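Each chain is listed here by its residues.
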Amino acid sequence: DDQTACIDAEIARTEDAIVMLVKQRASLKRKRNTFSPAVNLPPELLTLIFEFACLPSGLNLGLGIGVGAVTPLFIGTICSAWRNIARGASQLWSTITLHLSNKHGDTQASLLRYWLTHSRQRPLLITLIEDEVSDNDNDDDWGIDVTPAAIIDALATHSRQWQTIDLFLPDTWKPTLAQIRHDLPLLTSVTLRVAEGSPSMARVDIFSSAPLLREVTLVGYSITDVLLPWAQLEHIDGEYSSVGECLETLHLCPKLRSCQVEQLHRGIVPFTANLIRHETLESFELIFATAFELPALLGAMTLPSLKELVLSLPDEEPLLRAVLPLIQRSACKLRQLHLVGVTPPEQELVECLRELPTLKEL
C-alpha cells in the first residue's frame with residue numbers, strides 16, 4: 001500500500017509538471033507569435049482581411065462548420081487576439097447560410113443565437129437550406145413536418161435586420177413568421193421555396209407588408225399562392241407559373257423591370273389573353289415546355305422599354321414567328337435576343353435582323 005501511495009504521488013507530481021510545461025509552452029508560443037507580421041497588423045487591417053476571407057462563396061457555408069467554411073467562428077480558433085477582433089467586427093456576422101439538420105436543430109439554434117448577438121444591428125443576408133430527405137426515411141412519414149421551429153424563432157427576434165432571405169416554408173414556421181409580418185422594415189429580396197419534406201400550398205402572406213421589398217423569386221409557388229406588395233416589385237422570378245399568371249404578374253407589377261417565367265406544363269385553366277402595355281419592363285425571360293400558348297401571350301403584350309428578351313422552347317418549336325410582331329408593336333430598342341432551342345432558318349434570321357437595327361447580341 002505504501003508503494004502504491006508513493007507511485008500515485010509521483011504520478012500526481014508528474015501530471016502537475018506536465019500542466020506547468022504546457023502552460024510554459026503556450027506562453028513561449030504567444031511570445032514567439034508577437035514577432036509575426038500578421039499578429040502585428042493594425043486591427044482595422046486584420047478586420048478587412050477577415051471580411052475578404054468570409055465573403056460568401058460556394059465553399060463558405062456560414063454556420064456550416066466542418067465543411068471547409070471560413071467563418072468568424074473559425075477565425076476565433078486561431079488565437080485570442082484574432083478572436084477578440086472577430087467578435088468585435090459585426091460585419092463578419094451579417095451573412096448567415098445555414099444547412100438545417102432536423103436532428104440537431106436545437107444545437108444549431110443555440111449557435112445561431114450566438115451568431116446573431118454578434119451581428120448587432122447589421123442588415124442580415126440569410127439563406128436557409130432544407131435538411132435532405134434520406135432514402136432510408138420511412139415513406140409513411142413523408143409530409144409530416146419535423147422541421148425544428150427553434151431556428152426560425154431565433155431569426156424572428158432579429159426580423160428588423162433582415163435584408164435578404166432565401167428560405168423554404170414548412171408548416172411549423174408559419175405561426176412565428178405571421179407574428180413578424182409587419183416587422184420587416186429592411187427586407188429588399190425574398191426567395192421562397194416549397195418545403196420538400198412537408199409541402200403545403202396554403203396561401204402565403206408573410207411578406208405582404210414589407211415596405212422595401214423589390215425582388216422576389218418563387219420556387220414551387222405561383223403568384224396565386226402568395227400575397228406580395230406587387231405594386232412596388234421590380235424583379236420577379238417565377239417557376240411553375242402558367243402563361244395566364246405571367247400576364248397577371250405584369251398587370252399587378254407596374255414597376256417591374258425584369259421578369260422570368262418558367263412553365264413546366266401547360267396551364268390547366270384555358271388561357272384568355274388580356275391586353276397589357278407595360279412601360280418599365282426591360283428584361284423578359286420565357287422558359288416554356290410548349291409553344292402552344294406563346295403566340296397569344298406575346299400577342300397580348302406591348303413592351304416599349306424592352307431591351308433583353310430570352311426565349312427558350314423545345315427543339316421542335318419555332319422561335320421567331322411570335323417574337324417579331326411583339327418587337328414591331330412595342331417599338332422598343334431591343335439590344336439582346338437569346339433564342340434557346342432549334343436554330344431558325346437563315347432567311348428568318350435575316351428578316352429578324354432587318355427589323356432589329358438596335359440589336360447588339362443574338
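Residues numbered from 1 in each chain as written. Predicted model: local features only at pLDDT ≥ 70, side-chain atom pairs only at ≥ 80, totals over all residues. Heavy atoms only, no water.

1. Examining the confidence of the model for the protein chain
Scored by pLDDT, the protein chain has a mean of 83; 86% of the residues are at 70 or more. Below a pLDDT of 50 lies the segment residues 139-143, which in the model reaches five contacts outside its immediate sequence neighbourhood of four places, other chains included. (pLDDT = per-residue confidence, 0-100. Contact = heavy atoms within 4.5 Å.)

2. A closer look at the packing of aromatic side chains
To describe a pair of aromatic rings, one takes the distance between the centres and the angle between the planes. Overall, the coordinates contain four aromatic pairs when judged by the stated rule. Each ring, one from Trp93 and one from Tyr114, has its centre 6.0 Å from the other, and the planes form 80°; the classification is edge-to-face. Here Tyr114 lies in helix α5 (residues 105-119) and Trp93 lies in the loop between α4 (80-88) and β1 (95-99), a separation of 21 residues in the sequence. Arranged with centres 5.0 Å apart and planes meeting at 35°, the rings of Phe168 and Trp173 form a pair that is tilted. With a relative accessible area of 2%, Phe168 lands in the buried category. Overall, the relative accessible area of 0% leaves Trp173 in the buried class. By the ring-pair criterion, three or more aromatic residues cluster together here, those being Trp93, Tyr114 and Trp115. (Phe/Tyr/Trp six-rings, centres within 6.5 Å; stacked < 30°, edge-to-face > 60°. Helix = DSSP H or I, 4+ residues; strand = E, 2+ residues; numbered from the N terminus. Buried < 20%, exposed > 50% of the residue type's maximum accessible area, 1.4 Å probe, protein only.)

3. Some points on the nonpolar core
Core analysis: the largest hydrophobic core is formed by 90 residues, its most contacted members being Trp162 and Phe207. Each residue touching Trp162, except ones within four places of it in the same chain, is listed here: Leu124, Ile126, Ile152, Leu155, Ala156, Leu177, Ile180, Leu184, Leu186 and Leu187. (Core = buried A, V, L, I, M, F, W, Y, C linked by side-chain atoms within 4.5 Å.)

4. Quick notes on helix α8 (residues 243-252)
Burial in α8 covers these residues: Val243, Glu245, Cys246, Leu247, Thr249 and Leu250. Looking at the buried positions of α8, the neighbouring elements they touch are β6 (235-239), β7 (258-263), β8 (276-277), β9 (283-288), α9 (294-299) and β10 (301-302).

5. Notes on the layout of surface pockets
Of the voids in this model, the second largest pocket is the one considered here, and its volume is about 230 Å³. For the second largest pocket, the full set of lining residues is Ala26, Lys29, Arg30, Arg32, Asn33, Thr34, Val39, Cys79, Ser80 and Ala81. Elements with a minimum of two residues in the lining of the second largest pocket: α1 (2-33) and α4. For the lining of the second largest pocket, the element with the highest residue contribution is α1, accounting for five residues. Residues that form the lining of the second largest pocket fall into these classes: four nonpolar, three polar and three charged. (1 Å grid on protein atoms, 1.4 Å probe; cavity = no way out; pocket = protein on both sides within 12 Å on 5 of 7 lines; lining within 4 Å. Points joined across faces, edges and corners; volume = space filled by probe spheres on them. Nonpolar A, V, L, I, M, F, W, Y, C, P; charged D, E, K, R; others polar.)

6. Regarding the pairing of strand β4 (residues 189-193)
Taken across its five residues, β4 has four buried, putting it largely inside the fold. Two strands pair when backbone bridges link them, and strand β3 (residues 162-168) and β4 are joined in this way by five bridges, in the parallel orientation. Across the sheet, Leu167 pairs through a bridge with Leu192, a residue of β4. In terms of handedness, the path from β3 via helix α7 (residues 174-179) over to β4 forms a crossover that is right-handed. Sheet analysis places β4 next to strand β5 (residues 215-219), joined by five bridges and oriented parallel. (Pairing = 2+ DSSP bridges. Right-handed = clockwise from strand over helix to strand, strands pointing away.)

7. Points about the environment of Asn40
Following the sequence through the fold, Asn40 ends up in the loop between α1 and α2 (43-53). Taking relative accessible area as the criterion, Asn40 reaches 51% and is therefore assigned exposed. Not counting chain neighbours up to four residues away, the residues in contact with Asn40 comprise Thr34 and Phe35.

8. With respect to the sheet that holds strand β2 (residues 124-129)
With parallel pairing, 10 strands are arranged side by side in an open sheet as β1-β2-β3-β4-β5-β6-β7-β9-β11-β12. A strand with exactly one partner marks an edge of an open sheet, and here the two such strands are β1 and β12 (336-340). Neighbour-to-neighbour, the strand axes of the sheet open up by a mean angle of 5°, direction not taken into account. Sheet topology places β9 next to strand β11 (residues 308-312); five bridges connect them, and they run parallel. Within β11, the residue paired with Ser283 across the bridge is Glu308. (Axes fitted to C-alpha atoms, helices over the stretch in contact; angles between N-to-C directions.)

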